[in-house]
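Each chain, written out:
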Amino acid sequence: MDTERPAEDLTGRARIRDAALEVFAERGTKGATVQLIAAAAGVSTGLIRHHFGSKDGLRRACDEYAVGTLLEQARRALEEDTGAPGFMDSMHRASGASTRYLARALVEDSPAAAELFDTGAALAERFLTEQDPERFPPGAEATRDAAAVMGAMQLSTLTLHTHLRRRMGVDPLDPAHTPRLAAAMVGVYTTTVAFLSGEQGRPISDALTGDAPPTPREEEP
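Please read these numbers as outputs of a predicted model, since none were measured by experiment.

Counting residues in hydrophobic clusters, the biggest one holds 32 residues, and the most contacted among them are Ile16, Phe24, Ile37, Ile48, Leu58 and Leu102. Elements with a minimum of two residues in this core: α2 (13-31), α3 (34-41), α4 (45-52), α5 (55-79), α7 (96-108), α8 (111-131) and α9 (141-159). The element that contributes the greatest number of residues to this core is α5, accounting for seven residues. Dropping the residues within four chain positions of it, Leu58 is found in contact with Ile16, Arg17, Ala20, Phe24, Ile37, Ile48 and Phe52. Residues Ala124, Phe127, Phe136 and Met150 belong to the second largest nonpolar core, which totals six residues.

This is the structure:
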């Protein structure tokens, strides 16, 4: 990440990239033109070509920055053993421009989105194995499946942010509201575990995990 940049970078390459993140997020790859990005950054289109070569080059720079920012946050969250909510929290606490950019990238199925999903799923596999190695052994199909679904659940809060905003009454991509998202996710997990451990949910859990008792065979007349 660009933790320290020279002053000229803050008014040149970085400013163009930050403006492009917002324009791409709002209009998508097809709708974002070099002219719109230049206007948002307050620079000429020639300066964009100087720094990035083309719109595709600028898009790649945005991909690298946005994915790198969030993946660094996600890895740190898991390394610090903050668990599944920490993975979601890391995505939403990244810069607002990066988060909104990736929300659009996930919908458009960009290379950046694929990298984020795959790396996030790999981190989820590690988390699941560390937490419950008997149920989720390394490399097992069940572990890969669970990690992929876990990643999809986490990233859906980005892709469905407009629907979340309508139901929650706040912008879920605003880092100020990240605690509400994390608390909701923990509540869902906790309630689901309690249900599947109870009288009503136990048969469902047993059937899905293969622990259900065999169904008695009917006697032939």
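Now that the structure is up, let's keep going.
Counted according to the given criterion, the structure contains five salt bridges. Where Arg17 meets Asp18, a salt bridge forms, and the shortest distance between an N and an O atom there is 2.8 Å. On the accessibility criterion, Arg17 (6% relative accessible area) is buried. With relative accessibility at 30%, the residue Asp18 sits in the partly exposed group.

Between its terminal C-alpha atoms α7 stretches 19 Å, which fits the 18 Å expected from 13 residues at 1.5 Å a residue. With its phi angle positive at about 55 degrees, Asp109 sits one or two positions after the end of α7.

Looking now at unusual backbone geometry. If you check the backbone angles, Asp109 has positive phi at about 55 degrees while not being a glycine. Among the secondary structure elements, Asp109 is positioned in the loop between α7 and α8.

With respect to the helices, strands and loops of the structure, Thr157 is situated in helix α9. Taking relative accessible area as the criterion, Thr157 reaches 8% and is therefore assigned buried. Polar contacts involving the side chain of Thr157 include one to the main-chain carbonyl oxygen of Gln154, which spans 2.7 Å.

This part is about the side chain of Thr129. With respect to the secondary-structure elements, Thr129 resides in helix α8. The residues touching Thr129, leaving out its near neighbours within four places in the chain, are Phe136, Pro137, Pro138 and Thr143.

About the cut-offs
- Residues numbered from 1 in each chain as written.
- Predicted model: local features only at pLDDT ≥ 70, side-chain atom pairs only at ≥ 80, totals over all residues.
- Heavy atoms only, no water.
- Core = buried A, V, L, I, M, F, W, Y, C linked by side-chain atoms within 4.5 Å.
- Buried < 20%, exposed > 50% of the residue type's maximum accessible area, 1.4 Å probe, protein only.
- Helix = DSSP H or I, 4+ residues; strand = E, 2+ residues; numbered from the N terminus.
- Contact = heavy atoms within 4.5 Å.
- Salt bridge = Lys/Arg side-chain N within 4 Å of Asp/Glu carboxyl O.
- Expected span 1.5 Å × (residues − 1).
- Polar contact = N/O pair within 3.5 Å; in protein donor to acceptor, adjacent residues only side chain to side chain.

Everything listed here is a matter of geometry and, on its own, says nothing about what the molecule does.
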